[in-house]
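Survey of secondary and tertiary structure
Chain by chain, the residues run as shown.
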Amino acid sequence: MSQASGNPGGDRPVVARHWHATEDGRHVVCDACPRACRLGPERRGLCFVRMNQGGALVLTTWGRSSGFCIDPIEKKPLYHFLPGTPVLSFGSAGCNLTCAFCQNWDLSRAREIERLNSPATPGRIATLAREQGCRSVAFTYNDPIPMLEYAVDVAHACHDQAVRTVAVTAGYVSPGAREDFFAPMDAANVDLKAFNDGFYRKMASARLAPVLDTLTWLARESTVWVEITTLLIPGVNDADDEIKALAAWIAATMGPHVPLHLSAFHPAHRMNAVPPTPHATLRRARALARAEGLEHVYLGNVHDPEADSTWCPGCGARLIERDWYTLGAWGLDDAGACGSCGRALAGVFDGPPGTWGRQRRPVRP
């Protein structure tokens, strides 16, 4: 079932899209993600924010945010999308995964949605981004799929004001809702948590196949610029064979130009006893991924300027120097081509780089 969303007041549930009622009318089934939660009266889905209210599926957090902050776009992480520019980041509450290692578990597993800040309508968010000089708005902190209707409404409002949009997501979305969600998105960083279905089942109560399906669709059926992040957890998903298989799949299915960010794990949530990822593990994984044909493999949550810089796949020249989120030497022309050999760098480039640097600035709508 498809219903038009929109809530001028910003403080009441709105009827969701992508759901259907059972034949007996006693339950509703959420079609937003592969879980297909079957909900009786006044029951909530695993994400907690989608609910059967009066025989219809509603989103209880439309127009409500956990906070706003202006970040460098590189923090999402997106390294080939408007480098150096500020992005207005915001999230809400709830998640459709149950990751034992979640870095934002206080939001993703939130049950007290009343803690969310005052309402923020789509138009106000778009205006705030434009007023603050942000080139884009990012749906982040918690996964935006559970708040699909709100995210889509905000994205359309942003486009009305020439502000681009970024989805930071695990990609756990149903085929029916996928096109609706990604249609107004300009870029996405998709969290490919492992290349192991057992990992997804044990660590996130999910499955790998739907995520790979989303990534394949994004690469072949959409115009969304996509980068991928994998958090390497020691002894869990950092085996050489798994990293090689993951990188080989990306290269063959999506293309060798797709950036892969390999990030260091830090103890969190239900995995506080697991040690941080050694820098040497990340360096080894980067070498393995590049050997499988990936042109751009970056390291996250560690200081490694060489691995965080972008190098031309054609001539080897350094195109974008990075020190954490600060840009240094720049070897691209305004269209995103190598100044040495003329080869175009895959990504979204629009004029000279921005100068936002490492700033992080909270703002209020």
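Look above for the structure.
The structure displayed is predicted, hence computed values, not measured ones. (Residues numbered from 1 in each chain as written. Predicted model: local features only at pLDDT ≥ 70, side-chain atom pairs only at ≥ 80, totals over all residues. Heavy atoms only, no water.)

1. Quick look at the sheet that holds strand β5 (residues 50-53)
Ordered by their spatial adjacency, three strands build an open sheet running β1-β6-β5, and the pairing between neighbours is antiparallel. Each edge of the open sheet is held by one strand with a lone partner, namely β1 (14-15) and β5. In this structure, β1 lies alongside strand β6 (residues 56-59), joined through two bridges in antiparallel fashion. Bridge pairing in β6 places valine 14 opposite leucine 59. (Pairing = 2+ DSSP bridges. Helix = DSSP H or I, 4+ residues; strand = E, 2+ residues; numbered from the N terminus.)

2. Looking at the sheet that holds strand β8 (residues 86-91)
Strand order in this open sheet of nine strands is β14-β13-β12-β11-β10-β9-β8-β7-β18, and the pairing throughout is mixed. Two strands in the sheet have a free side with no partner beyond their single neighbour: β14 (297-300) and β18 (361-363). Taken over all neighbouring pairs, the strand axes of this sheet differ in orientation by 25° on average, direction set aside. Strand direction decides the pairing type here: strand β7 (residues 67-72) and β8, joined by six bridges, are antiparallel. Note that in β8 the partner of cysteine 69 across the bridge is serine 89. Contacts from helix α2 (residues 122-131) reach β7, β8, β9 (136-139) and β18 within the one sheet, and its direction differs from that of β8 by about 150°. (Axes fitted to C-alpha atoms, helices over the stretch in contact; angles between N-to-C directions. Contact = heavy atoms within 4.5 Å.)

3. Describing the environment of glycine 354
Counting through the fold element by element, glycine 354 comes out in the loop between β17 (326-330) and β18. Separated by 335 residues in sequence, glycine 354 and tryptophan 19 place their C-alpha atoms 42 Å apart. When residues no more than four places from it in sequence are discounted, the contact partners of glycine 354 are Pro83, Gly84, Thr85 and Leu327.

4. Some remarks on the pattern of salt bridges
The tally for this structure, following the rule as stated, stands at 16 salt bridges. For arginine 17, the salt bridge goes to aspartate 180, with nearest N and O atoms at 2.9 Å. Within this pair, whereas arginine 17 is found in the loop between β1 and β2 (19-21), its partner aspartate 180 is found in helix α4 (residues 175-182), the two being separated by 163 residues in sequence. The network of salt bridges with shared partners includes Asp71, Lys76 and Arg360. (Salt bridge = Lys/Arg side-chain N within 4 Å of Asp/Glu carboxyl O.)

5. Details of the pairing of β14
Side-chain positions along a regular strand alternate between the two faces of the sheet. Burial along β14 is two-sided: Val297 and Leu299 facing one way and Tyr298 and Gly300 facing the other are all buried. Both strand β13 (residues 260-264) and β14 contribute to a ladder of four bridges, which runs parallel. By the bridge assignment, leucine 260 is partnered in β14 with valine 297. (Buried < 20%, exposed > 50% of the residue type's maximum accessible area, 1.4 Å probe, protein only.)

6. Digging into unusual backbone geometry
For the peptide bond that leads from lysine 76 to proline 77, omega is -10°, which places it in the cis range. Among the structural elements, proline 77 can be located in the loop between β7 and β8. The residue leucine 82 is not glycine, and still its phi comes out positive at about 45°. Mapped onto the elements, leucine 82 comes out in the loop between β7 and β8. One non-glycine residue, alanine 162, lies in the positive phi region at around 60°. Relative to the elements of secondary structure, alanine 162 occurs in the loop between α3 (148-160) and β10 (164-169).

Any functional reading would require information that these geometric values do not contain.
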